[in-house]
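Below are the chains, spelled out letter by letter.
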Number of protein chains: 2
Amino acid sequence: MIVLAVDLMGSDLGPEELCKGLRAFLKKTPDVSVLAYGDKDKLSEDLAGQDRVTIRPSEQVVPMEVSPMGFLRLKKSSMYLALQDAGKDPKIDGIVTSGSTGGFVIGNTLLVKNAPGVARAALAAPFITKVKGKNTVILDIGASNQNNSDELVEFAKMGAVYAKKIFGVPEPAIYLLSNGVEEGKGLKESVDAYHKLEGFPGFKGNCEARDVLDGTKDVVVTTGYPGNILLKSIEGTAAMMTGMMKAAFQKNLWTKIGYLFARSGLKEMKEQMDYRKTGGAILLGINKVAVKAHGNSNAYAFENALNVAYRMCQSQIVSAISEALGD
Amino acid sequence: MIVLAVDLMGSDLGPEELCKGLRAFLKKTPDVSVLAYGDKDKLSEDLAGQDRVTIRPSEQVVPMEVSPMGFLRLKKSSMYLALQDAGKDPKIDGIVTSGSTGGFVIGNTLLVKNAPGVARAALAAPFITKVKGKNTVILDIGASNQNNSDELVEFAKMGAVYAKKIFGVPEPAIYLLSNGVEEGKGLKESVDAYHKLEGFPGFKGNCEARDVLDGTKDVVVTTGYPGNILLKSIEGTAAMMTGMMKAAFQKNLWTKIGYLFARSGLKEMKEQMDYRKTGGAILLGINKVAVKAHGNSNAYAFENALNVAYRMCQSQIVSAISEALGD
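Summarised in this report is the structure supplied together with it. Keep in mind the model is a prediction, meaning the values are calculated, not measured.

## Topic: the sheet that holds strand β3 (residues 53–57) of chain B
Residue and element names in this part refer to chain B. Ordered in space as β3-β2-β1-β4-β11-β10-β5-β6-β9-β7-β8, the eleven strands form an open sheet in which the pairing is mixed. The sheet terminates laterally at β3 and β8 (203–208), the two strands that pair on one side only. Averaged over all pairs of adjacent strands, the angle between their axes in this sheet comes to 25°, without regard to strand direction. Against the sheet, helix α5 (residues 101–112) makes contact with β4 (94–97), β5 (122–128), β10 (281–284) and β11 (289–292), and its axis sits at roughly 170° relative to β11, the strand it touches most.

Okay, structure coming up:
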């Protein structure tokens, strides 16, 4: 039995939507039991009759833009309690939330703690690429601002474990994000990491931000601050172009007719780009599986986040990471 | 008379294409004379009969991926000679090249030198936004890797001068790129710059990478390394989505018909996104106007880069920057 601690508060769309996703998830995964954290009355209603769910009542909700200190004061919040239990109870395999990323990172680090052998956890996100069905995991996308070269090497190893276990790639192609492909380009820490990674299986050198999503990379390693910039500029540009496309089809009667004809192709593109499928971000290097769904997750997105956590638990990624870093 | 030193070598498409752009530019700007740097035979042929062009023969070409030391050894190259002359000859107002960015930055810094009062030049690029006709200038996009808070303050001031002079915005809205909008988010240097910029006309605080192109920002200031990541991830994501759109319309007969109907709207989108219109990047803070066209500039793109240089010379941006930084 896989046990997940699931925080059902703090999302943009409310606990009803997350409970709907949780119910759909439980229907398909008979070997999972869930500790559900949130408002007792709300959850009792939305999760009535779910015999593999235990409600753990909470009194507070962590706001999206919480500071680290702010989070640590919210000891009765659903996220704090879920993380605290995950840190103490060996039966819990993983935690899923769609609440504050800041709270999630600080809470995991302090309450669940890093897996043996891990110096620094990294926030990782799988991205779709221009090659259909091919994903790239990028880490760190913002658990830290700055990282030293040893941490970057850790990130490369953790990313490789993730790509093996979750993407099913036998020898993942690993790249360091830089401002040029040549050896020696980039920040000092990444130049040093380049040298430390030489000879590491699958390490291919530097890549530029414009090539991150070209479908040839399994793992892209970066310090947290530029990783966060990368993540958000990809999101922002995709949103801008989606808006432009909509406007292009709304231009006149002909373009509207054009949309109707082209719809099947565009729908496929929309599905391919649907970030809700990837289930959000993952904090790698923590002692438990730790998945952070998007703050605006609908039921479908949250179900996918639960699925990601489930698959990560099944694949025993936490112990695999400890082993890989202990080399 | 405005005098431009124009390097016609080192581009991906060859000097013919650039000469074509130069000829088109000269037709529309009777008050410009040009010093044309490049292969003597080639340019004599392609610029025959141009009475406002003086050919300055060169024997070497700077490769795209040149190292700083490599550039400094290429003393007979078109780019080196153009920059050397721009540094020595007070009659030259500006320099335009579509060659190596690395060579352009190091050459300007060492041969043309910073404008009075400028500690650090910044590579700036105007970006289209989701609001039609509204541009945002982002700097630094890679002249440096790291910058201190005083340099970031300089970038804000230089960006504001650019937005006033070139975008025609009376009081430009200035933002610092960060990983969160709250004061105190980001790297130490940008947190410090935030405090130094408080009260500066038009300074609005932090912005996240996903909102950079939302059309509400005139100037976005960042240290060079994340700025470079931002630039290239915008380019990469736009290219990926353009490819996906093409594939969507190629899917079947219906989608192909849809494309024909929607073409007028899509064409407008394509035009809006055409980076060749913006004319490339600008090195702000240098003693002369310094424009770097895209390496793969066609005639149209190079003509636009020449136009950008022309307008910057006309608006006397170099002295305006020195004044703004001398405050």
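## Focus: the interface of chain A and chain B
Counting residues at the interface gives 50 residues for chain A, matched by 50 residues for chain B. With both sides pooled, the region where chain A packs onto chain B buries about 4600 Å², and carbon together with sulfur makes up 70% of that total. Sorting the residues of chain A by area buried against chain B places Tyr225(A), Met241(A) and Phe261(A) first, and these three jointly supply 15% of that buried surface. On the surface where chain A and chain B come into contact, there are six salt bridges.

## Let's talk about the relation of the copies chain A and chain B
Note on the copies: chain A fits chain B at an RMSD of 0.0 Å, the axial shift is 0.0 Å, and the rotation between them is 180°. A rotation of that kind, with that shift, is consistent with a two-fold axis. Minimal C-alpha separation from the rotation axis in chain A is found for Gly258(A), amounting to 1.9 Å. Mapped onto chain B, 100% of the interface residues of chain A are again interface residues, and the two copies thus contact each other with one and the same surface.

## As for the pattern of salt bridges
The tally for this structure, following the rule as stated, stands at 30 salt bridges over all chains. With a closest N to O distance of 3.5 Å, Asp46(A) and Lys42(A) form a salt bridge. Separated by four residues within a single helix, Asp46(A) and Lys42(A) lie in helix α2 (residues 40–46), roughly one turn from each other. Classification of Asp46(A) by relative accessible area gives buried; the value is 14%. Relative accessible area serves as the criterion here: at 22%, Lys42(A) is assigned to the partly exposed category. Linking Asp85(B) and Arg56(B) is a salt bridge whose minimum nitrogen-to-oxygen distance equals 2.8 Å. With Asp85(B) in helix α4 (residues 78–88) and Arg56(B) in strand β3, this pair connects stretches of sequence that are 29 residues apart. Linked by salt bridges that have partners in common, Glu208(A), Arg210(A), Lys232(B) and Glu235(B) make up one network.

## Describing helix α5 (residues 101–112) of chain A
Residue and element names in this part refer to chain A. Listing the buried residues of α5 in full gives Gly103, Phe104, Val105, Gly107, Asn108, Leu111 and Val112. Lining the buried residues of α5 we find α3 (68–73), α4 (78–88), β4 (94–97), β5 (122–128), β10 (281–284) and β11 (289–292). Downstream of α5 by a residue or two, Lys113 has a phi angle that is positive, lying close to 75°.

## Quick word on the pairing of strand β7 (residues 174–178) of chain A
Residue and element names in this part refer to chain A. In terms of residue burial, β7 counts as a mostly covered element, since five of its five residues are buried. What you see with β7 is no split at all: Ile174, Leu176 and Ser178 on one side and Tyr175 and Leu177 on the other are buried throughout. Sheet topology note: the β7/strand β8 (residues 203–208) ladder contains four bridges and is parallel. Looking across to β8, one finds that Leu176 is bridged to Asn206. For β7 and strand β9 (residues 219–221), the ladder comprises three bridges, and the chain directions are parallel. Counterpart to Ile174 in the pairing with β9 is Val219.

## Some remarks on the packing of α4(A) against α5(A)
Residues and elements named next belong to chain A. It is the contact of α4 with α5, at a shortest axis distance of 9 Å, that shows an interaxial angle of 30°. Here α5 runs roughly parallel to α4, going by the angle between their axes. Of the two elements, α4 crosses α5, and the hand of that crossing is right-handed. Together, Met79, Tyr80, Leu83, Gln84, Ala86 and Gly87 of α4 and Gly103, Phe104, Gly107, Asn108, Leu111 and Val112 of α5 make up the contact between the two elements. A breakdown of the residues in the contact of α4 with α5 according to their chemical character gives seven nonpolar, five polar and no charged.

What counts and how
- Residues numbered from 1 in each chain as written.
- Chains lettered and ligands numbered in written order.
- Predicted model: local features only at pLDDT ≥ 70, side-chain atom pairs only at ≥ 80, totals over all residues.
- Heavy atoms only, no water.
- Pairing = 2+ DSSP bridges.
- Helix = DSSP H or I, 4+ residues; strand = E, 2+ residues; numbered from the N terminus.
- Axes fitted to C-alpha atoms, helices over the stretch in contact; angles between N-to-C directions.
- Contact = heavy atoms within 4.5 Å.
- Buried area = accessible area lost by both parts, 1.4 Å probe.
- Salt bridge = Lys/Arg side-chain N within 4 Å of Asp/Glu carboxyl O.
- Least-squares fit on C-alpha atoms with pLDDT ≥ 70 in both.
- Buried < 20%, exposed > 50% of the residue type's maximum accessible area, 1.4 Å probe, protein only.
- Parallel < 35°, antiparallel > 145°, perpendicular 65-115°, else oblique.
- Left-handed = near helix turned anticlockwise from the far one by under 90°.
- Nonpolar A, V, L, I, M, F, W, Y, C, P; charged D, E, K, R; others polar.

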